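# Structure at a glance
The lines below spell out each chain.
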Amino acid sequence: MAALGWLTPRRRSATARSVLAGEASAEAARKTAQAEAPPFTEEPAAPDAARAEEEVEFPVAGDDLAAAFFDLDNTVMQGAAIFHFGRGLYKREFFRRRELARFAWQQAWFRLAGVEDPDHMQDARDSALSIVKGHKVCELMAIGEEIYDEYMAERIWPGTRALAQAHLDAGQKVWLVTAAPVETATIIARRLGLTGALGTVAESVDGIYTGRLVGEPLHGPAKAEAVRALAAAEGFDLERCAAYSDSHNDIPMLSLVGHPYAINPDTKLRKHARAHDWRLRDYRTGRKAVKVGVPAAAGVGAIAGGAAAAIALHRRRK
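Per chain, residue numbering runs from 1 following the sequence as it is written. Totals for whole chains, interfaces and linings use every residue, but because this is a predicted model, local features are given only for residues with pLDDT of at least 70 and side-chain atom pairs only at 80 or more, for both listing and counting. Remark: hydrogens and water are excluded; side-chain values derive from all non-hydrogen atoms of the structure.

This part is about the overall build of the protein chain. Along the protein chain, the regular secondary structure elements total twelve helices and eight strands. Per-residue accessibility, obtained with a 1.4 Å probe over protein chains only, is compared with the maximum for each type, and a residue is labelled buried under 20%, exposed over 50%, and partly exposed between these values. The buried share of the protein chain, taken over its 318 residues, is 54%. Within the structure as shown, the protein chain displays about 14,100 Å² of accessible surface, and the carbon and sulfur contribution to it stands at 54%. Under the scheme used here, helices are H or I runs from DSSP no shorter than 4 residues and strands are E runs no shorter than 2 residues, and both carry numbers assigned from the N terminus. Residue exposure ignores everything except the shown protein chains as possible cover, and the areas themselves are Shrake-Rupley values with a 1.4 Å probe.

Now the structure itself:
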């Protein structure tokens, strides 16, 4: 919750910072998962058609050397968790209207382009860090629980949740793996009844956020490093594990496991998945009209809608 964990989508190999970020995320995830579970757990989702279309031999029941790793944004949940979180913080007067407009613009861009633009992601990450600096970790966790109920619960993809439940029913551990703050991811994982979450780790001293990250955002290669570190600590066999994502940025993580899935894939991931015979699932109600460019009218409409939403929220807060 201390930072927007999004990095640029440029391809690159793992660096010392991404390894540090992955190891820190894995350590935080294990500590949280081993702690006593709070009473904020929803009932598991009922099986649906998505479960029926899964191959009967997978996941293998009772295989405790296997686990499942799910990306969050647009894989488990529609949209980006950090933007919903930012909206909730604005409602609670954590920042000003100008910063809300920036969040609205970033969300509009994300919806239209369907990609993680480097400049927008860097800007949003820096904004989030400055917003939470000096706040208590426990304070943001409590607020995060409220924000989940207000903005996120209704955005969970039923099909993806059913896939996660299939792994849980088989006796396997299921982890979210996301560039979103680890606190946000942990709340979502808990509410969905999952094992835990790997996310971007923000530095805190004596329970107070410093405004700095541990390593770098859990994105791209750093996600793969986090999964690798967690698998080593938990004794998982990655060849028997599954991973799910919508983004080509997660190809490093998907390539680690023996059962990679492309869920609601972007164009690059869809192409890669088909070339490598990966399984695909698409739970969107319709294919996105926008692939390469955005018609001017559509772009203006979306931006105007985002601005209108920001103004309306500003008025309601008053």
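Our focus in this paragraph is the packing of helix H3 (residues 81–91) against helix H6 (residues 137–152). In the contact formed by H3 and H6, the axes pass within 9 Å of each other and the chain directions differ by 110°. With respect to their mutual orientation, H3 and H6 come out roughly perpendicular. Of H6, the residues touching H3 (which contributes Ala 81, His 84, Phe 85, Arg 87, Gly 88, Leu 89 and Lys 91) are Leu 140, Ile 143, Gly 144, Ile 147, Glu 150, Tyr 151 and Met 152. Fitted lines through C-alpha atoms give the axes, limited to the stretch in contact for helices. The angle between two N-to-C directions lies from 0 to 180 degrees. Each angle receives one of four descriptions, namely roughly parallel if under 35 degrees, roughly antiparallel if over 145, roughly perpendicular if within 65 to 115, and oblique otherwise. Residues count as neighbours in contact if any of their non-hydrogen atoms are within 4.5 Å of one another.

Counting buried residues along H3, nine of its eleven residues qualify, which places the element largely inside the surrounding structure. Along H3, the residues classified as buried are Ala 81, Ile 82, Phe 83, His 84, Phe 85, Gly 86, Gly 88, Leu 89 and Tyr 90.

With that out of the way, let us pick up the nonpolar core. Take the buried residues of types Ala, Val, Leu, Ile, Met, Phe, Trp, Tyr and Cys, join any two whose side-chain atoms come within 4.5 Å, and each joined set is a nonpolar core. Phe 70, Leu 72, Leu 89, Met 152, Leu 176, Ile 188 and Tyr 244 are the most contacted members of the largest nonpolar core, which has 47 residues in total. A total of eight residues in this core trace back to one element, the largest contributor, which is H6. Within the second largest apolar cluster, 26 residues are counted, among which are Ala 226, Ala 231, Ile 251 and Leu 254.

In this section: the sheet that holds strand E3 (residues 196–200). Hydrogen bonds between backbone atoms are what pair the strands of a sheet, whose relative direction is either parallel or antiparallel. Read across the sheet, six strands follow the order E3-E2-E1-E6-E7-E8 without closing on themselves; strand pairing throughout is parallel. Two strands close off the open sheet at either side, each with one partner strand: E3 and strand E8 (279–281). The average undirected angle you get between the axes of adjacent strands in this sheet is 20°. Strand direction decides the pairing type here: strand E6 (residues 242–245) and strand E7 (residues 259–263), joined by four bridges, are parallel. Bridging from a neighbouring strand, Tyr 244 pairs with Tyr 261 of E7. In this description, strands pair whenever DSSP reports at least two bridges between them.

Okay, the packing of aromatic side chains next. The aromatic pairing rule takes the rings of Phe, Tyr and Trp, using the six-membered ring of Trp, and pairs them if the centres are within 6.5 Å, calling planes under 30 degrees apart stacked, those over 60 edge-to-face and the rest tilted. Inspection of the entire model under this criterion finds three aromatic pairs. Arranged with centres 4.6 Å apart and planes meeting at 20°, the rings of Tyr 244 and Tyr 261 form a pair that is stacked. In this pair, Tyr 244 is assigned in strand E6 and Tyr 261 in strand E7, connecting sequence segments 17 residues apart. Across the pair, Tyr 261 and Tyr 244 agree in class, each one buried. In textbook terms, an aromatic cluster arises when at least three aromatic residues are bridged by ring pairs, as seen for Phe 70, Tyr 244 and Tyr 261.

This part takes up the pattern of salt bridges. Should a side-chain nitrogen of Lys or Arg be within 4 Å of a carboxyl oxygen of Asp or Glu, the pair is scored as a salt bridge. Using the criterion set out here, one finds 14 salt bridges in the structure. As a salt-bridge pair, Glu 203 and Arg 212 come within 2.6 Å of each other at their nearest N and O atoms. Accessibility expressed as a relative area gives 49% for Arg 212, which makes it partly exposed. Two residues, Glu 225 and Arg 228, come together in a salt bridge whose shortest N-O distance is 3.7 Å. In this pair, Glu 225 and Arg 228 are both assigned in helix H9 (residues 221–234), three residues apart and thus about one turn of the helix distant. When its relative accessible area of 14% is taken as the criterion, Glu 225 is described as buried.

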